[in-house]
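What follows is the residue order along each chain.
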Amino acid sequence: MGVSGGPDSMALCVLSAHWKTNGLSTNRDSDGFIDGLLAIIIDHSLRAESKEEANIVSSRVSTMGIRCEIVHCEWSDGRPKQGHLQEAARDMRYQHFQKVCIQNQISALLIAHHMDDQAELFVLRLSRHSSVLGLAGMPFISQIFSSYTHSSDAKDYGILLVRPLLDFSKEDMYKICQGGQQTWVEDPTNQSILYARNRIRMSLRDCSSYGFNSELQAVISACQQTRLYVDNVCSNLMNKAVTVTDFGYAVIDLEILNPSKIEDICLSKFIALILQFISQRNRPIRGSTSKLLLDYMRTFPCRTSLTAAGCYLCPAPASRGTKALVCCSVDCPLPQTVEFLDALSYTDHQHHTANDIEQIMTDSKSHFNHLVPDASEVHFLDTTSESVLSKARRLEMLSESTYKNIMLLQREEVKHFRTKKKVIPESESKDKVKSISMYSEPLFHGKICSFMNCFFVAWKLNKEIPASAISGEADSHDSMGGGTLCCHFNSCVFGNDMVPEVRHMCESDWLYLADLLKCPTLENSQLKDTSSTNSTSTCLNHARVSAQRALLILKSIPAAARRGLPVLVNDQGLLLSIPSIGFKYCPCLDVTAVFKPRVPLGGGHSLFI
């Protein structure tokens, strides 16, 4: 559980402790703590008294029988700027939540968001002209994935983020704490009108009445029904019309998709999900980019190419425009996303609760199917964010007074937003931005590289090479059987002390493979020679055979998609390996590149109830 010590999270602790001890026959450990509960307390280190407050909260929660872990934040770039403080604190908070969950093999994180938070978010997003899908607010359950590499497991289930209190009001939080005889702390920053959420919270408090609250929740619920329907449509379309390859690109069958018969809101979400999956970027696709992509998808057959949101779209080869290719664009500037983890300490196992998560997802998807409304029951499919309130009023979800109050709240927040809005110069961007086709990173032995959040790349050197490699019959996946010989690496393109670099494939790599085919094979007379000269020839011969087979595979991969493949080069820039297609220059070099996107197609599991 994420615990701040405020009334919301303390109420969550009260309910969770009661649930565990009274409903599940849960045991206590040797220290008297309830099995299966851990309170994660984040000290943001932004106020002088925050450390002491964290200790006080820990003591109170421990008294309830809940084990605690306090995390103290460190700000490497100094204290966040005032206008971005809450956003930076939230990002830091969730990073630590994820780290603690991963370290403790915890797969479900409970957060104390409630009904009033949902109302604040609705007004905030309304003032930012969010779509109807955004106005639906926070889901009951969502799946979050780590923002850093910690494992190369075949299946990464992420962490289930659960908000069990969304049907409770703020007033309920106080009553639950009082009923559980628990005190709480109040964060003084929650009273500052410098922050949008605080301003909206105070304004909503002034408008608060049973009628206002229930009508606003009715509109949010209608938006959630719209999102539920849209997500279901997108899920079905992806199952039918999208093929994802192990080479990191996707193909959309436009004939099966039939874009002309899909509502704009569904088609926009569909293509956005695919682009976010291929690029592995979490940024939402909005405004002119969304309109551009929608127009592109509506054009059938597909005749042109398009670069958007970190992806390149074009007609799939030999499809005559009936299929669209979506691959990562290596020419547009993107934050650098090459990360490393220790292959030696890494063990290839899943969290012990992975099967539980899989069962939860299976059960909830079954339940989800019964919740999906018919199109006739969805009110806001063809509605922009600006007209949601007007339509809700026509449908009599909102009374005239509630409509006017919400509109007033929106206008006031828009004024604040426009006053405070500032364009951040590119030089001040916190992300390290490069054109990803232009850089390479060293990959040390014993490390695994998470390349663009899509491929796990690793390498090692075998001490001996198969004798079959000399005969010209070796392929890139030969075993060590059939006799072995030593390889003199000082004569090979791979030196003894070399640290290869990983980068994207480029056109010159294709040409290099073609040039290798022109190299002569070894004569049988050379088999007896184990000099360094012959070792060079052995590598060259192996490279020629490996290149021949790699080129056959490359021909089946669209040219645009080839550029997204990772390759290894030596310190002089000479090609060592294209592991995805099995090419390697030296037979002693063992390289793997497995396509394992961090976030799955569709963004992972979500349940909107």
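In this text the structure is predicted, and so the values were computed from the model without any measurement. (Residues numbered from 1 in each chain as written. Predicted model: local features only at pLDDT ≥ 70, side-chain atom pairs only at ≥ 80, totals over all residues. Heavy atoms only, no water.)

(A) Spotlight on the sheet that holds strand E9 (residues 306-308). With antiparallel pairing, 5 strands are arranged side by side in an open sheet as E7-E8-E11-E10-E9. Looking at strand neighbours, the two that pair on one side only are strand E7 (242-244) and E9, the edges of this open sheet. Taken over all neighbouring pairs, the strand axes of this sheet differ in orientation by 20° on average, direction set aside. In the sheet, E7 pairs with strand E8 (residues 250-253) via 3 bridges, with the strands oriented antiparallel. Looking across to E8, one finds that Thr243 is bridged to Val251. (Pairing = 2+ DSSP bridges. Helix = DSSP H or I, 4+ residues; strand = E, 2+ residues; numbered from the N terminus. Axes fitted to C-alpha atoms, helices over the stretch in contact; angles between N-to-C directions.)

(B) Representation of the sheet that holds strand E1 (residues 2-3) within the structure. Reading across the sheet, the 3 strands line up as E1-E2-E3 and stay open at both edges, with parallel pairing between neighbours. The sheet is open, and its two borders are formed by E1 and strand E3 (67-72), each paired with just one other strand. Here strand E2 (residues 38-43) runs beside E3; their pairing, made up of 6 bridges, is parallel. Across the sheet, the residue bridging to Leu38 is Arg67, located in E3. Packing against the sheet, helix H3 (residues 85-103) makes contact with E1, E2 and E3, and its axis sits at approximately 145° to E2. (Contact = heavy atoms within 4.5 Å.)

(C) Expanded view of the packing of helix H4 (residues 115-127) against helix H8 (residues 210-241). Close contact between H4 and H8 brings their axes to 10 Å; oriented N to C, the two are set at 75°. The pairing of H4 with H8 is recorded here as roughly perpendicular in orientation. Every residue of H8 that contacts H4 at Met115, Gln118, Ala119 and Phe122 is listed here: Leu216, Gln217, Val219, Ile220, Cys223 and Gln224. For the contact of H4 with H8, the per-class residue count stands at 7 nonpolar, 3 polar and no charged. (Parallel < 35°, antiparallel > 145°, perpendicular 65-115°, else oblique. Nonpolar A, V, L, I, M, F, W, Y, C, P; charged D, E, K, R; others polar.)

(D) Representation of unusual backbone geometry. A cis amide bond links Phe300 to the next residue, Pro301, at an omega of 0°. Along the polypeptide, Pro301 turns up in the loop between helix H11 (287-298) and E9. Phi angles above zero are rare outside glycine, and Ser45 is one such case at about 60°. Within the fold, Ser45 resides in the loop between E2 and helix H2 (50-63). At Asn258, a position not held by glycine, the phi torsion is positive, near 50°.

(E) Representation of the nonpolar core within the structure. Core analysis: the biggest nonpolar cluster contains 116 residues, and Phe122, Ile252, Leu257, Phe270, Leu513 and Phe583 have the highest contact counts within it. Contacts of Phe270, omitting those with residues within four sequence positions, involve Cys234, Leu237, Met238, Val242, Ile252, Leu257 and Met297. The next biggest cluster of nonpolar side chains, apart from the first, holds 28 residues, and it includes Met10, Ala17, Ile34 and Ile141. (Core = buried A, V, L, I, M, F, W, Y, C linked by side-chain atoms within 4.5 Å. Buried < 20%, exposed > 50% of the residue type's maximum accessible area, 1.4 Å probe, protein only.)

(F) Here's a closer look at the packing of aromatic side chains. All told, the structure shown has 4 aromatic pairs when counted by the stated rule. With a centroid separation of 5.2 Å and an interplanar angle of 55°, the aromatic rings of Tyr174 and Trp184 are classed as tilted. Residue Tyr174 is found in helix H6 (residues 170-179), and its partner Trp184 is found in the loop between H6 and helix H7 (196-207); the two are separated by 10 residues along the sequence. Relative to Phe595, the ring of Phe455 has its centre 5.4 Å away and its plane inclined at 55°; by these criteria the two rings are tilted. (Phe/Tyr/Trp six-rings, centres within 6.5 Å; stacked < 30°, edge-to-face > 60°.)

(G) Geometry of the state of the cysteines. Summed over all chains, the structure comprises 0 disulfides. Summary of cysteine pairing: Cys234 is not part of a disulfide, and the nearest cysteine sulfur, belonging to Cys266, is at 5.8 Å. Of all cysteine sulfurs in the structure, the one in Cys314 sits closest to Cys327, which takes part in no disulfide; the separation is 6.0 Å. With a relative accessible area of 3%, Cys327 lands in the buried category. (Disulfide = S-S within 2.5 Å.)

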